[in-house]
Amino acid sequence: MNLGMIGLGKMGANMAERLRRHGHTVVGMDPAKPEAEAHDLDELIPLLEAPSQPRVAWSMVPSGPITDQTIQGLGERLSPGDLVIDGGNSNYLDSIRHGEELLAKGIHFVDCGTSGGVWGLDNGYALMVGGTTEAVAIAQPLFDALAPPKGFAHTGPVGAGHYVKMVHNGIEYGLMQAYAEGYAILDASPLGIDVPAAIGSWQEGSVVRSWLLDLLIKALEETPDLDGIASVAADSGEGRWTVTEAVANGVSAPVISAALFARFVSQHREDDKAMKVVSALRHQFGGHAIELNTPAGEQH
């Protein structure tokens with residue numbers, strides 16, 4: 001297929017490359033990337049023409065106003081029967097609105113929750129998709145190329161993809177917090193425990209083994225004792241939205257809520273070993289920036 005990938009950051013660029021490896025033609029658009037084939041929508045749209053297929057534009061830009069502007073701009077330039085995919089971390093209510101706005105113009109819309117971080121190029125991406133059966137069928141060859149076996153799900157109507165990704169990220173908060181607190185307890189023990197060795201023993205056979213655990217061990221190998229990493233963990237919109245949805249629907253979610261609130265606390269308190277772990281893990285799986293402790297007199 002021929003498609004346009006809007007946003008060539010850590011995720012978008014790797015997704016474009018994986019699609020190319022599977023034989024698809026990808027036109028990259030990013031105003032900040034000189035190497036991109038297009039730098040605005042006016043340059044992009046003419047490059048999406050392809051025989052016997054609708055024009056397809058995939059947005060991988062930050063949620064909120066930038067996504068709003070991108071989808072509005074696509075709606076003004078595309079034609080009935082064309083397809084817009086939002087693969088960013090948009091709020092599901094925004095996705096429902098985007099779907100309605102494009103539907104009024106006869107343009108298909110799919111919201112695609114995407115997980116895989118900086119590792120997705122080689123390992124594939126978990127894709128949680130919302131949209132009509134017709135719209136999803138148009139993009140199915142793209143989903144097949146991006147997702148590993150069992151990594152794709154058509155989860156429901158427009159909005160369902162980003163709703164599932166929201167909850168996915170809320171669960172991620174809780175898992176990371178549990179590993180972080182476990183590390184901090186072991187580190188504080190008066191027994192002089194070899195913490196990396198202890199945690200490493202959980203990689204095989206243990207009921208708590210996981211990819212996140214593997215990434216924690218990798219982080220400790222790269223930064224022993226997490227020296228120099230500030231104990232600050234940022235919180236993204238999805239964690240807050242998950243807790244809000246739990247409250248709105250009367251669902252008890254103490255683990256996810258506590259993990260979110262722990263990140264709030266970390267932004268106002270220093271020397272929290274657990275938050276160093278969370279920060280290191282976010283860097284490992286998503287390439288998220290980590291704050292470093294800066295000795296007095298130095299600047300970065």
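All values derive from a computational prediction rather than experimental measurement.

K.L.:
Sorry if this is basic, but what is going on with the packing of helix H7 (residues 160-188) against helix H11 (residues 254-266) here?
P.N.:
Two measures define how a pair of helices packs: the angle their axes make with one another and the distance between the axes. At their nearest, the axes of H7 and H11 sit 8 Å apart, and the two run at 70° to each other. On the basis of their axis angle, the class for H7 and H11 is roughly perpendicular. Residues Gly170, Ile171, Tyr173, Gly174, Met176 and Gln177 of H7 form the contact with H11, whose participating residues are Val255, Ile256, Ala259, Leu260, Ala262 and Arg263. Among the residues forming the contact of H7 with H11, the class breakdown is eight nonpolar, three polar and one charged.

K.L.:
Explain the environment of Ala57 here, please?
P.N.:
Mapped onto the fold, Ala57 is located in strand E3 (residues 56-59). Classification of Ala57 by relative accessible area gives buried; the value is 0%. Along the chain, Ala57 and Asp86 lie 29 residues apart, while their C-alpha atoms are 8.6 Å from each other. Once residues lying within four places of it in the same chain are set aside, the contact partners of Ala57 are Gly4, Ile6, Leu48, Leu74, Leu83, Val84 and Ile85.

K.L.:
Sorry if this is basic, but what is going on with the pairing of strand E2 (residues 25-29) here?
P.N.:
Sheet faces and side chains relate simply in a regular strand, where the side chains alternate between the two faces. Taken across its five residues, E2 has four buried, putting it largely inside the fold. By the bridge criterion, five bridges tie strand E1 (residues 2-6) to E2 in an arrangement that is parallel. The residue of E2 that forms the bridge with Met5 is Gly28. In this fold, E1 hands off to helix H1 (residues 10-21), which returns the chain to E2; that crossover is right-handed.

K.L.:
What exactly am I supposed to notice about the sheet that holds E2 here?
P.N.:
Within a sheet, neighbouring strands are paired by backbone hydrogen bonds and run either parallel or antiparallel to one another. Spatial ordering of the open sheet is given by E2-E1-E3-E4-E5-E6-E7, a layout of seven strands whose pairing is mixed. Unpaired on one side and paired on the other, E2 and strand E7 (152-156) mark the two borders of the sheet. On average, each strand axis in the sheet is tilted by 25° relative to the strand beside it, whichever way the strands run. Where strand E4 (residues 83-86) lies against strand E5 (residues 108-115), four bridges are found, and the strand directions are parallel. When the bridges of E5 are listed, Asp86 appears paired with Asp111.

The rules behind the values
Residues numbered from 1 in each chain as written. Predicted model: local features only at pLDDT ≥ 70, side-chain atom pairs only at ≥ 80, totals over all residues. Heavy atoms only, no water. Axes fitted to C-alpha atoms, helices over the stretch in contact; angles between N-to-C directions. Helix = DSSP H or I, 4+ residues; strand = E, 2+ residues; numbered from the N terminus. Parallel < 35°, antiparallel > 145°, perpendicular 65-115°, else oblique. Contact = heavy atoms within 4.5 Å. Nonpolar A, V, L, I, M, F, W, Y, C, P; charged D, E, K, R; others polar. Buried < 20%, exposed > 50% of the residue type's maximum accessible area, 1.4 Å probe, protein only. Pairing = 2+ DSSP bridges. Right-handed = clockwise from strand over helix to strand, strands pointing away.

What is shown is where atoms sit, not what they do.
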